[in-house]
Amino acid sequence: MAKEKEHINLAFIGHVDHGKSTLVGHLLLKAGAIAEQQLDDGENKFRFVMDKLGEERERGVTIDLAHQKFSTNKYDYTVVDCPGHRDFVKNMITGASQADAAVLVVDAKDGVMPQTKEHMFLSMTLGIKQIIIAINKMDMVDYAEDRFNEVKEEVGVLLKSIGRNPADVPFIPLSAFEGDNIKEKSDNMTWYKGGTLMEELDKLTPPEKPVDLPLRIPIQDVYSITGVGTVPVGRVETGIMKKGDNVIFLPSSNVNGATGEVKSIEMHHEQFEVAEPGDNIGFNVRGVGKNDIRRGDVAGHTNDAPTVAKEFTAQVVVLQHPGVITIGYTPVFHCHTSQTACTFLELTSKLDPATGQPQEGTPDFLKTGDAAIVQIKPTKPMVMEEAQKIPPMGRFAIRDMGQTVAAGLCLKVTS
Ligand code: GDP
């Protein structure tokens, strides 16, 4: 059997109308993932793909995932939703479609706009370490090198503000609509000596499996299976679990957590000795019954147990809130598989959107677009860990009124 190619999840970010959907559509075409006949005619030709996804999503239809995948000789890629699509941030944060790299699309005519900044900042909050800058619509600025350099300079300032060295980041002048520098080198910009978008994508580093981190398995479901017993099901986020290991489930309905020895590990109806990050498994633990555990609990090794937070300090970004967030606000936090109402205890400081650094003084409220350091208290015990130590376990989306109103990560568990 041919070795599977390594896989990279890509997010396309950037200001509205700067050409994200067009770029994704054209990239899928160039990579052979869709056929020319599948495209519409006219101005919005290449947007078709993302529009279709958007419509299907609105109608609640299952999305044809094939439309979001493409391959090069080197890697398989999945395009995770673009911002603006409803559950983008929630999906990214809760892990369903965690992005390994982002392509920031900037219109060569407009340059940096508010959402360019916001998305750059968000990508940092979400821990996306690899970024490619696509300076788009070069056809509208006569493919001019001068204009490219001006926009490159503007974006460079933003990159520095989030602690990145622009010299380490690829900047590609392209036209999503005309197709310049997507797959083949463009004759319209002979002054550009760097790689095309597809070449630069192939220089990305695929994510490493976090095998060296502590074991964490957020529980999605708990089944009772005749002849086996209680079978919690979940995806291994970090670490390695072997048969015979001693594990603990927290918070659990038992005060000190439910513990036992792993008796069996199953995936796709096959038995395994070991489970590793990315594996969706069912497993059975001696002595742990159906009433001891539930969705939202997290399994880890007893000697390196998940952290149950009574309070924590977090960094949040308010994405779209119709009003303001004040002390006492108690929306639902979606973190790994748990959904827990949590209260904003304290608004500690706002972060400067340009630098990401805390500003002086405590804010009275937070509104859409604000980023801040806050103190949070879950209304019941939940596993929450420092995102710097165990990234997937420390990221959360805040949902209210049927939408994702904010997103964030845990900086420190305080009690
Ligand atoms: P999004 O909101 O970032 O997804 O932007 P769209 O992909 O919807 O593009 C917004 C508009 O810009 C559409 O009318 C596109 O046809 C147009 N557009 C996108 N890329 C280019 C480009 O490279 N050149 C030109 N001339 N127009 C473009």
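Computed from a predicted structure; not experimentally measured.

Engineer: Let's hear about the site of the ligand: which residues, and what values?
Structural biologist: Around the ligand, the surrounding shell holds 18 residues, and the nearest of these are Asp17, Lys20, Ser21, Thr22 and Asp139. The contact in question runs from an oxygen atom of the ligand to an N or O atom on the side chain of Lys137, over 3.1 Å. Between Phe177 and the ligand, the recorded distance is 3.1 Å, taken from a backbone N or O atom to an oxygen atom. Isolated, the ligand exposes 570 Å² of accessible area, and the fraction of that covered by the protein chains is 87%. Of the residues forming the shell around the ligand, the biggest block, 3 residues, is contributed by helix α1 (residues 20–30). By residue class, the composition of the shell around the ligand is 4 nonpolar, 8 polar and 6 charged.

Engineer: Which residues make up the nonpolar core, and what values do they have?
Structural biologist: Core analysis: the largest hydrophobic core is formed by 61 residues, its most contacted members being Leu10, Leu23, Val103, Val155 and Leu201. Ranked by the residues each element gives to this core, the list is headed by strand β4 (residues 101–107), at 6 residues. In this structure Val103 touches Leu10, Ala11, Phe12, Ile13, Leu23, Ile132, Ala134, Leu197 and Leu201, once residues within four positions along its chain are discounted.

Engineer: Residue-level account of the state of the cysteines, with values.
Structural biologist: This model, assessed by the stated rule, comprises 0 disulfides. Here Cys335 is not disulfide-linked; the sulfur of Cys410 is the nearest cysteine sulfur, at 8.2 Å. Among the residues examined, Cys335 registers a relative accessible area of 0% and is labelled buried. Here Cys342 stays unpaired: no disulfide links it, and the sulfur of Cys335, its closest cysteine neighbor, is 8.6 Å away. Among the residues examined, Cys342 registers a relative accessible area of 0% and is labelled buried.

Engineer: Explain the packing of aromatic side chains to me, using residue names and the numbers behind them.
Structural biologist: In this structure the tally under the stated criterion is 10 aromatic pairs. What links up through ring pairs into an aromatic cluster is the set Phe312, Tyr329, Phe333, Phe344 and Phe396.

Engineer: Outline the environment of Met382, listing residues and values.
Structural biologist: Summarising the element assignment, Met382 is placed in strand β21 (residues 382–383). The buried category is assigned to Met382, whose relative accessible area is 1%. For the pair Met382 and Gly289, spaced 93 residues apart in the sequence, the C-alpha separation amounts to 20 Å. If sequence neighbours within four positions are ignored, Met382 has contacts with Pro251, Thr307, Val308, Ala309, Cys335, Ser338, Thr340 and Cys342.

Engineer: Go over the sheet that holds strand β18 (residues 332–335) with me, naming the residues and quoting the values.
Structural biologist: Taken in spatial order, the 6 strands line up as β17-β20-β19-β18-β22-β23 and close into a barrel, and their pairing is antiparallel. With direction set aside, neighbouring strand axes in the sheet form an average angle of 45°. Relative to strand β20 (residues 371–378), strand β17 (residues 312–318) is paired through 6 bridges, and the arrangement is antiparallel. Each bridged residue has a counterpart across the sheet, and for Val317 the counterpart in β20 is Ala371.

So, how was this worked out
Residues numbered from 1 in each chain as written. Predicted model: local features only at pLDDT ≥ 70, side-chain atom pairs only at ≥ 80, totals over all residues. Heavy atoms only, no water. Near = heavy atom within 4 Å. Polar contact = N/O pair within 3.5 Å; in protein donor to acceptor, adjacent residues only side chain to side chain. Areas by Shrake-Rupley, 256 points an atom, 1.4 Å probe, with all protein chains shown as cover. Helix = DSSP H or I, 4+ residues; strand = E, 2+ residues; numbered from the N terminus. Nonpolar A, V, L, I, M, F, W, Y, C, P; charged D, E, K, R; others polar. Core = buried A, V, L, I, M, F, W, Y, C linked by side-chain atoms within 4.5 Å. Buried < 20%, exposed > 50% of the residue type's maximum accessible area, 1.4 Å probe, protein only. Contact = heavy atoms within 4.5 Å. Disulfide = S-S within 2.5 Å. Phe/Tyr/Trp six-rings, centres within 6.5 Å; stacked < 30°, edge-to-face > 60°. Pairing = 2+ DSSP bridges. Axes fitted to C-alpha atoms, helices over the stretch in contact; angles between N-to-C directions.

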